Amino acid sequence: MPAERAPHTRRSLANDMSALGITPGDVLMAHAALSRIGRVLGGPDAVIGALRDALGPEGTLMVYTDWNGDFDDLRDADGDVPEAIRPDITPFDPLTSRAIRDNGTLPEFVRTTPGALRSGNPGASCAAIGTRAQWLVADHALQYGYGEQSPLGKLVEADGKVLLLGSPLDTLTLLHHAEHLAGIAGKRILRKRDPLLEDGRVVWRWIEEFDTGDPIVEGLAEDYFATIVSEFLATGKGKRGTIGAAPSVLVQAREIVPFAVDWLESRFPR
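Reading guide: rules and limits
Residues numbered from 1 in each chain as written. Predicted model: local features only at pLDDT ≥ 70, side-chain atom pairs only at ≥ 80, totals over all residues. Heavy atoms only, no water. Helix = DSSP H or I, 4+ residues; strand = E, 2+ residues; numbered from the N terminus. Contact = heavy atoms within 4.5 Å. Buried < 20%, exposed > 50% of the residue type's maximum accessible area, 1.4 Å probe, protein only. Pairing = 2+ DSSP bridges. Axes fitted to C-alpha atoms, helices over the stretch in contact; angles between N-to-C directions. Salt bridge = Lys/Arg side-chain N within 4 Å of Asp/Glu carboxyl O. Left-handed = near helix turned anticlockwise from the far one by under 90°. Nonpolar A, V, L, I, M, F, W, Y, C, P; charged D, E, K, R; others polar.

1. As for the side chain of histidine 31
- By secondary structure assignment, the location of histidine 31 is in strand 1 (residues 27-32).
- With sequence-adjacent residues up to four places away left out, histidine 31 is seen in contact with Val162, Leu163, Leu164, Leu165, Ser167, Thr171, Leu172 and Thr173.

2. Observations regarding the pairing of strand 9 (residues 246-252)
- Extensive coverage of strand 9 is indicated by the burial of five of its seven residues.
- Two strands pair when backbone bridges link them, and strand 5 (residues 161-165) and strand 9 are joined in this way by five bridges, in the antiparallel orientation. Bridging across to strand 9, leucine 163 finds its partner in leucine 250.
- Judged from the five bridges that link them, strand 8 (residues 239-243) and strand 9 form a sheet pairing that is antiparallel. Bridging across to strand 9, isoleucine 243 finds its partner in alanine 246.

3. A few points about the sheet that holds strand 5
- Read across the open sheet, the seven strands follow the order 3-4-2-1-5-9-8; overall the sheet is mixed. Whereas interior strands pair on both sides, the edge strands pair on one side only; in this sheet they are strand 3 (117-118) and strand 8.
- Taken together, the five bridges between strand 1 and strand 5 define a ladder with parallel strand orientation. Its bridge partner being in strand 5, methionine 29 is matched across the sheet by valine 162.
- Most of the contacts of helix 1 (residues 10-20) go to strand 8, to which it runs at about 170°, and overall it touches strand 5, strand 8 and strand 9.
- On the sheet, helix 2 (residues 43-55) packs against strand 1, strand 2 (60-64), strand 4 (126-130) and strand 5 and is oriented at approximately 135° with respect to strand 2.

4. A look at the pattern of salt bridges
- Scanning the entire structure with this criterion turns up 12 salt bridges.
- The residue arginine 86 makes a salt bridge to aspartate 80 at a minimum N-O spacing of 3.3 Å. With respect to burial, arginine 86 and aspartate 80 carry one shared label: buried.
- The shortest N-O distance in the salt bridge between arginine 188 and glutamate 218 comes to 2.9 Å. Note that arginine 188 is positioned in the loop between helix 6 (175-181) and strand 6 (189-198) and glutamate 218 in the loop between strand 7 (201-210) and helix 7 (224-234), a separation of 30 residues in sequence.

5. Concerning the pairing of strand 4
- Of all five residues in strand 4, four are buried, a share of seventy percent or more.
- Inspection of the sheet shows strand 2 paired to strand 4 by five bridges, in the antiparallel sense. Residue pairing in the sheet places valine 63 in a bridge with alanine 127 of strand 4.
- Pairing of strand 3 with strand 4 involves two bridges; the strand directions are antiparallel. From the neighbouring strand, arginine 118 faces strand 4, where its bridge partner is alanine 127.

6. Concerning unusual backbone geometry
- At aspartate 66, a position not held by glycine, the phi torsion is positive, near 55°.
- You can see aspartate 66 is positioned in the loop between strand 2 and helix 3 (106-111).
- Classification of aspartate 66 by relative accessible area gives buried; the value is 15%.
- One non-glycine residue with positive phi stands out, namely aspartate 139, at about 55°.
- Tracing the backbone shows aspartate 139 in the loop between helix 4 (133-137) and helix 5 (151-157).
- The exposed category is assigned to aspartate 139, whose relative accessible area is 62%.

7. Some points on the environment of proline 168
- Position of proline 168 among the secondary structure elements: in the loop between strand 5 and helix 6.
- Look at proline 168 and you get partly exposed, because its relative accessible area is 46%.

8. Focus: the packing of helix 7 against helix 8 (residues 253-267)
- Viewed as axis vectors pointing N to C, helix 7 and helix 8 meet at an angle of 115°, and their least axial separation amounts to 10 Å. When the axes of helix 7 and helix 8 are compared, the crossing they make is right-handed. Where helix 7 abuts helix 8, its residues Tyr224, Thr227, Ile228, Val229, Glu231 and Phe232 lie against Glu255, Ile256, Phe259, Ala260, Trp263, Leu264 and Arg267.
- Residues belonging to the contact of helix 7 with helix 8 are distributed by class as follows: nine nonpolar, one polar and three charged.

Next comes the structure, spelled out in structure tokens:
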């Protein structure tokens, strides 16, 4: 078979991942545009297998799942849902609720991989598999779920890495943690009530967090995360490479979060 037509495999992808800088024992948060990799024998499961091979038996893989709640358009101005429609809305259950479709295929495939665990904050939820998965997803704060008591905060604490596997630079979810930490004025706040499945019954909980659906303050471009990542890479930190056919980026969480905090605070002082 001509080389240009040869499919990518779990083994070849794992080699590409290792060459980019993923090492055994890493705690890795991954984002992926799987279509950019090219043909992969085994599909998304092979990509997950390659990630786990590169991470080794002591490593941990994490993805941002959010959840596929489809009732936001039913909320009133206060973020509540009319009582009459509440019985028809499926509550958030970390064990069964689908990952949001907006973030591609990988999160749902990881979430449903045997052994994966998922955190309990609906909109900020992450799924993880591996040695430190339980620690990453445990005790996820319901209020301000992108802060220190979150899988994102723990990723920084663990000196973890973030992989953009063919994904646009503006998809680096960890920067929502930087938004939380940044000491700037005028941060948008979102308040809403969501249904959670707790001990077999549905409980509607008020949740407050910094609004991740729009730039955190007025005056930022919609894709400003891409600018931060580009400027970070321009300092010589992080790595660029190719996994399969996908242009990819690997960054250290402990390096890019303070860079992003400084970037925001220098432009939007308190």
